[in-house]
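Here is how the chains run, residue by residue.
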Amino acid sequence: MEKPVPVGKVENAVVNGSDPCQDQEIDSCPPQTGYRHSIWRSVLFYALVVVPAGLGLLLAYWFPAVWLRLTAYRCPLGSASRVIVKDLDGNKCVEVVKTAILPGHTHQPIRIGHTCVGLKEVWSGGVVRYLIHRHLRYLYQPSVGKFVLLRGLDDGHTSSALHGMRGGLSLEQHSKRACLYGENSIDVPVKPYHVLLVEEVLHPFYVFQLVSVVFWIVEQYYYYAGAVFLISCVSVIISLLQTRRHLQQIHDIAFSSTTVSVVREGREMSGVSSSSLVPGDVLVVPPSGLLLPCDAALLTGQAIVNEAMLTGESVPVTKTPLPPSSLHYLPSSSSHKRHTLFCGTQVVQTRFYGNERVLAAVVGTGFSTAKGGMVRSILFPRKLSVRFYVDAMKFVLLLSILAGCGFIYTLAINFYFKFQVKDTILRAFDVITIAVPPALPAALTVGIVYALARLRKNNIFCISPQRVTLAGKVKLVCFDKTGTLTEDSLDLLGVQPVVAGSFTSGLCSARDLPQCPLLYAMATTHSIATINGKLTGDPIDLKMFQGTGWVLREPPPGSFDTLTPTIACPPKGGGGEILGSEVELAQLRMFTFSSDLQRMSVIVRVAPTSDPKQLHVFCKGAPETICQLCRPNSVPGDFPEVLGSLTQQGYRVLAVAHRPLHMAWHKAERVKRYILNIPSSFPLLL
């Protein structure tokens, strides 16, 4: 029997005490009601709704859930052809149930989350029943009797399990997953103009407006009816063009397709379309970089990634390989983000041993990726419970009540005085058209279009025009990106070394430091990379490294065995010599900055050296955190006073610590981070 294939998790579960769907506001198992088509109900319904001038069809269009209840009978979800799904906002959507036939032998087992069952026990004859709700796929699971969200490898799988997939999928496994997950694409459908026109015209406000215009024409209000009709037509056309333009822009931004290299059946396959990727595929990231077509967990090597599309930060970040562990992999967690390559981001370059491949396991595809979540949030924004809208609806309701009272009163008076039926109906409906202004939607549309035009002149674009009226009520805007909004320029004031357990008197320049661990720490404890001949990285790291006056370069082949690390060395003629040769610092291993730990660490080898196992560990971070990692006798007694004096002057202060490490470089590549957390010396305030 074939080894169970981990396909993904399709059950509602809590990992590490939190629901993984909460970050993207996804309901993994929303309330559902199944219905099956009934011929006699449909015939009776359409026979009755056509009689009152097709008004029933219009109501069926406005309330599809009610239409389904009238034309179908309720049944278990396992035999339903349509399902009413209730989203997080309480809105009800009617989704069509689809089927797919899994290729291969149906008796072979397949893994659903943490349990392994045969396909015959889950899907009869290998037939999968699913529905697509808001671009996410929900599979029917008989064990719970509901359609449950189909997740990728981002839930219910450990880091060690992901590392066990380096050999890639077999062709049969890939075909099964392709059938379950569908194409890996974020394809936003762009509706044709005639569909958008029908949707716009059939809006309740415009239907009411059209009926009002007809009554005005009958009452011979030709000029007023013509003016309102013309304004309505213009507003409909403008709204239609604007909606179409926005959909096209979203489609162009979201959709992307490329060719990639993957590992399948233990060998590399190049020229594979990115649309065929499925969770479990092993992606080969080229050294020159790649525009990520999916979410992937980095298994080997390092990658420098530009995540500006997701975060807005223009500074590339360094991604390190995911360490094997028994913990569940959750890309949205802070501890695993630094090991995850997100869809839509640009891998600028990669680095690994010699000619070894940089591998990443695909964990999410299509709309289940980080980029897909952003697109869905644009297409389906959450309902805003704002008092402005509530008051507006109350106002319209009050007008409707007044119009209804006036309608009834007019009918009663006209029948009492025995007016003609035609005149009675016209006068009664005239009261309604006066109480509820039919030109209201047209006026709102013109106002919104004018506001958008003013915003566009200032390069401000709005993807949800309905939010413009709400923006007029905003009185206070808070930002959490003060550094980005103000300035990103930094200057290095100086360094304050520690000698014999005491601070030196006053600050000094980093260029005045001798060849010592203090200088080596500043030259290596960073995540800077050279991209197109330019240093790129965090502004603080850049200023720290530039303060040393050293240079960053790629080593020639064979300088450090088969390893290709980042090399820092002094400029030629800078006096940086050891044993008659120029010193070179190789950054063998980097543990990126963690907000939880408040520090970053690097393992460095100094060349030339007589002992190849002599390595160095440098750590940089918050002074209070670094102080706790150091030997007490290496921390100056006046440390709190000096730190307080600098911070009170508005300076940002970092501390650096160092300790030697006797270990072979290949073991250093696999060492755990917590092993490095042993007492070190406290040499420097930055």
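Quick caveat, the model's predicted, so the values are computed rather than measured.

S.K.: Mind laying out the overall build of the protein, listing which residues take part and the relevant values?
M.R.: A count of helices and strands for the protein gives 22 helices and 34 strands. In the protein, which comprises 686 residues, the proportion classed as buried is 45%. Of all intrachain contacts in the protein linking residues separated by at least 6 positions in sequence, the fraction that spans at least 24 positions is 68%.

S.K.: Can you explain the sheet that holds strand β4 (residues 82-86)? Please cite residues and give values.
M.R.: Strand order in the open sheet made by the four strands is β3-β2-β4-β5, with antiparallel pairing throughout. Two strands bound the open sheet, and with one partner strand each, they are β3 (72-74) and β5 (92-96). Strand-to-strand twist of the sheet, defined as the mean angle between neighbouring strand axes without regard to direction, takes the value 35 degrees. Bridge analysis of strand β2 (residues 32-37) against β4 gives four bridges, and the strand direction is antiparallel. Following the sheet pairing, T33 is matched in β4 by I84.

S.K.: Give a description of the sheet that holds strand β18 (residues 317-319) that names residues and reports values.
M.R.: What the four strands build is an open sheet, ordered β15-β20-β17-β18; its pairing is antiparallel. Whereas interior strands pair on both sides, the edge strands pair on one side only; in this sheet they are β15 (290-291) and β18. By the bridge criterion, three bridges tie strand β17 (residues 302-306) to β18 in an arrangement that is antiparallel. In the sheet register, I304 faces β18, and the bridge partner there is T318.

S.K.: How would you summarise the pattern of salt bridges if you had to cite specific residues and measurements?
M.R.: Proximity of charged atoms lets side chains of opposite charge pair with each other. Evaluated as defined, the whole model comprises seven salt bridges. Put simply, K319 and E307 hold a salt bridge, and the shortest N to O gap is 2.8 Å. Of this pair, K319 sits in strand β18 while E307 sits in the loop between β17 and α10 (308-311), placing them 12 residues apart in sequence. The buried category is assigned to K319, whose relative accessible area is 4%. For E307, a relative accessible area of 10% translates into the label buried. Of the charged contacts, one joins D541 and K620 as a salt bridge, the two residues approaching to 2.4 Å between their closest N and O atoms. With a gap of 79 residues between them, D541 in helix α19 (residues 539-548) and K620 in strand β32 (residues 614-621) connect regions that are remote in the sequence. Accessibility expressed as a relative area gives 5% for D541, which makes it buried. The exposure class of K620 is buried, given its relative accessible area of 7%.

S.K.: Tell me about unusual backbone geometry, and name the residues and values.
M.R.: The general pattern is negative phi for most residues beyond glycine and trans for most peptide bonds. We note that H135 has phi near 70 degrees; this positive angle belongs to a residue other than glycine. When you line up the elements, H135 lands in the loop between β9 (127-133) and β10 (136-141). Non-glycine residue E265 carries a positive phi angle of around 55 degrees. Looking at the secondary structure, you find E265 in the loop between β12 (259-264) and β13 (267-273). A relative accessible area of 43% means that E265 is categorised as partly exposed.

S.K.: So what about the environment of A60? Which residues, and what values?
M.R.: Along the chain, A60 turns up in helix α2 (residues 55-62). The class of A60 is buried, set by a relative accessible area of 16%. Residues A60 and L70, spaced 10 residues apart in sequence, show a C-alpha to C-alpha distance of 9.4 Å. Residues within four places of A60 in sequence aside, it is in contact with F45 and W67.

S.K.: Before we move on, can you summarise the confidence of the model for the protein with the specific residues and values?
M.R.: Residues of the protein with pLDDT of at least 70 account for 80%, and the chain-wide mean is 76. In the model, residues 557-562 has pLDDT below 50 throughout and makes 13 contacts with residues more than four positions away in sequence or in other chains.

S.K.: Lay out α19 with the relevant residues and their values.
M.R.: Along α19, seven of the 10 residues are buried, which leaves the element largely enclosed by surrounding structure. Regarding α19, the residues found buried are I540, D541, L542, M544, F545, G547 and T548. Elements in contact with the buried residues of α19: α18 (517-524), β25 (534-536), β26 (551-553), β27 (566-569) and β32. Just past α19, the residue G549 takes up positive phi, approximately 80 degrees.

S.K.: If you had to explain the packing of aromatic side chains to someone new, which residues and values would you point to?
M.R.: Per the counting criterion, the structure on display carries three aromatic pairs. Taken together, a centroid distance of 5.3 Å and an interplanar angle of 55 degrees make the contact between Y140 and F147 tilted. A single burial state applies to Y140 and to F147, both of which are buried.

S.K.: Tell me about a nonpolar patch on the surface, and please be specific about residues and values.
M.R.: Nonpolar side chains collect at one region of the surface, where L55, L59, F63, V66 and L70 lie side by side and expose about 450 Å² of accessible area between them. Among the elements of the structure, α2 and α3 (64-71) are those that each provide at least two residues to the nonpolar patch. Position of L59 among the secondary structure elements: in helix α2.

S.K.: Go over the environment of Y193, please, and point to the residues and values.
M.R.: In this structure, Y193 sits in helix α7 (residues 193-201). For Y193, a relative accessible area of 43% corresponds to the partly exposed category. Between the C-alpha atoms of Y193 and L241, which are 48 residues apart in sequence, the distance is 8.3 Å. Beyond its immediate stretch of four places on either side in the chain, Y193 contacts L240, L241 and R244.

Parameters and conventions
- Residues numbered from 1 in each chain as written.
- Predicted model: local features only at pLDDT ≥ 70, side-chain atom pairs only at ≥ 80, totals over all residues.
- Heavy atoms only, no water.
- Helix = DSSP H or I, 4+ residues; strand = E, 2+ residues; numbered from the N terminus.
- Buried < 20%, exposed > 50% of the residue type's maximum accessible area, 1.4 Å probe, protein only.
- Contact = heavy atoms within 4.5 Å.
- Pairing = 2+ DSSP bridges.
- Axes fitted to C-alpha atoms, helices over the stretch in contact; angles between N-to-C directions.
- Salt bridge = Lys/Arg side-chain N within 4 Å of Asp/Glu carboxyl O.
- pLDDT = per-residue confidence, 0-100.
- Phe/Tyr/Trp six-rings, centres within 6.5 Å; stacked < 30°, edge-to-face > 60°.
- Patch = residues over 30% accessible without salt bridge, like charges linked within 9 Å, V, L, I, M, F, W, Y side chains within 5 Å.
- Areas by Shrake-Rupley, 256 points an atom, 1.4 Å probe, with all protein chains shown as cover.

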